[in-house]
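Letter by letter, the chains look like this.
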Amino acid sequence: MNEEMDILGFDPSQLSVFAVNENTQSNQNHNLYVTRPSESKSADGVYRAKIKIIYSPQNWKNSIVEHIAYAMQDENGFFQAPTSLMVGDKSCPIFTAWKKCHFAEPGSVLWKQAATAKEGGKALFDRRYARYVTIQVLEDKNHPELEGKYMFFKLPKSIYDMIQKKQNPSEDSGKCPVPVMDFLYGYPIELEVNPGPDDKAHPERKTREITYTGEFTEDPEPCTYPDKTPLLNDDEQEILDKYVRMMKKVWKSKPGERAELLAEANDSEAAKELRVIYRRVLDELKGFVPDVNEEFKFKPWDETLTKRVQHWIDVILSGNEPKTAAPAAVAGTTDSPAPPTETSTVEVEAPKADDDDLPF
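Computed from a predicted structure; not experimentally measured.

S.K.: Tell me what's going on with a negative patch on the surface, and back it up with residues and numbers.
M.R.: A surface patch of like charges, here negative, comprises Asp234, Asp235, Glu238 and Asp241. Structurally, the position occupied by Asp241 is in helix H5 (residues 234-251). Taking the relative accessible area as the measure of exposure, Asp241 reaches 33% and is therefore partly exposed.

S.K.: Tell me about the nonpolar core, residues and numbers included.
M.R.: What tends to happen in soluble globular proteins is that the nonpolar side chains get buried as a cluster. Counting 59 residues, the largest nonpolar core has Tyr33, Ile53 and Phe183 as the members making the most contacts within it. Of all the secondary structure elements, the ones that give two or more residues to this core are strand E2 (47-54), strand E5 (126-139), strand E6 (150-154), helix H3 (157-167), strand E7 (189-194), strand E8 (211-216), H5 and helix H7 (269-288). Among the elements that make up this core, the one with the highest residue count is H7 (eight residues). Among the nonpolar cores identified, the runner-up in size contains 21 residues, and Tyr70, Ala81, Cys92 and Cys101 belong to it.

S.K.: Can you tell me about the side chain of Asp140, naming the residues and giving the values?
M.R.: Note that Asp140 resides in the loop between E5 and E6. Within the buried core, Asp140 has no salt-bridge partner, and the shortest N-O distance to an opposite charge, that of Lys41, equals 7.9 Å. Polar side-chain contacts of Asp140 include one of 2.6 Å to the side chain of Tyr47. A polar atom in the side chain of Asp140 sits 2.9 Å from the backbone nitrogen of Asn142. If we skip the residues at most four places from it in the chain, Asp140 touches Tyr33, Tyr47, Arg48, Ala49 and Glu147.

S.K.: Please set out unusual backbone geometry residue by residue, giving values where relevant.
M.R.: Here the phi dihedral of Ala123 falls at roughly 50°; this positive angle occurs in a residue that is not glycine. Within the secondary structure, Ala123 sits in the loop between helix H2 (109-114) and E5. For Ala123, a relative accessible area of 38% translates into the label partly exposed. Here the phi dihedral of Lys228 falls at roughly 75°; this positive angle occurs in a residue that is not glycine. Topologically, Lys228 is positioned in the loop between E8 and H5.

S.K.: Mind laying out the confidence of the model for the protein chain, listing which residues take part and the relevant values?
M.R.: With 84% of its residues at a pLDDT of 70 or more, the protein chain has an overall mean of 87. Here helix H4 (residues 205-208) stands out as the least confident element of the protein chain, with mean pLDDT 91; E2 is the most confident, with 98. A low-confidence stretch, residues 20-27 (pLDDT under 50), is modelled with 38 contacts involving residues beyond four sequence positions or located in other chains.

S.K.: Lay out the side chain of Asp182 with the relevant residues and their values.
M.R.: On the secondary structure map, Asp182 appears in the loop between H3 and E7. The side chain of Asp182 is buried and forms no salt bridge, while Lys52, the nearest opposite charge, is found at 5.9 Å. Discounting chain neighbours no more than four positions away, the residues touching Asp182 are Ile7, Lys52, Tyr55 and Tyr278.

Reading the values: rules and limits
Residues numbered from 1 in each chain as written. Predicted model: local features only at pLDDT ≥ 70, side-chain atom pairs only at ≥ 80, totals over all residues. Heavy atoms only, no water. Patch = residues over 30% accessible without salt bridge, like charges linked within 9 Å, V, L, I, M, F, W, Y side chains within 5 Å. Areas by Shrake-Rupley, 256 points an atom, 1.4 Å probe, with all protein chains shown as cover. Salt bridge = Lys/Arg side-chain N within 4 Å of Asp/Glu carboxyl O. Lys, Arg positive; Asp, Glu negative; His and termini not counted. Charge placed at Lys NZ, Arg CZ, Asp CG, Glu CD. Helix = DSSP H or I, 4+ residues; strand = E, 2+ residues; numbered from the N terminus. Buried < 20%, exposed > 50% of the residue type's maximum accessible area, 1.4 Å probe, protein only. Core = buried A, V, L, I, M, F, W, Y, C linked by side-chain atoms within 4.5 Å. Polar contact = N/O pair within 3.5 Å; in protein donor to acceptor, adjacent residues only side chain to side chain. Contact = heavy atoms within 4.5 Å. pLDDT = per-residue confidence, 0-100.

Shown next as structure tokens:
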């Protein structure tokens, strides 16, 4: 990233995520903020929190990270493997195996390994997607110990759509991009996570059909230190307030007058002073805000995961069921590596149906 880049001149609609397809999937992480209605302390069971989704201090443009992984099951249980498809590398062994099955003779044993259930297949290739961001937890009565902390958040589609509508509005809307993820003058979100319906016949719906809604607050709010003390002193806050008042005029302006108002704001004395403040703030944020790109970027598999994935592929390509068969037990696979006995670091819970919008 260009360290000299002027954040006051950064167009929030230029986040890299807005320029690519809707992709991604999840990885469990100790620093991942989860909002389970089952942990709500509200009488109505709704998990409420106030969070601020922010740019990555280490890489503003790539602040929303898309992650792709395959969810699989073998005789040792469920596991997950990130795929190099997320970096445009189509040599991923799982993807290669999928192509062999997908393009096999329709109706054949191999073809059924990849075909969907509606097509009469087993749908064994479960490619999943998720978006990850950095947040500061501002208020959370369910887990007050997290307040002030900077964490990762698996972004539900409904909240992603809210951000896109603000930061990357359609040209036809005539609206100005509003940097709701800005560190100092971005807008927090009042988040509500609602449990699914109570269904005695299908109790799993309560956790599988949860919904996520949110609203941006009426006014922007600066990030703070993790102990919730202000990043800015009184004089710096006054400078920020002056700049925000000018920017609010820009955000509410019509297209024809917007360029002039924006130039006026960014050429102002307040903007010049704020740039100096930002240099300090950015340096400090990098010291305690985790790097979402580093955490969720594609990483090559270790030896254990490589062997386990290959074991799974061998079973698939032999036409067998990976939950019950081992490659050495079927024809043509006697040289396949034995499955690992230790648990992989990417072990996850059993895949859930229809959970693309779950941030955990």
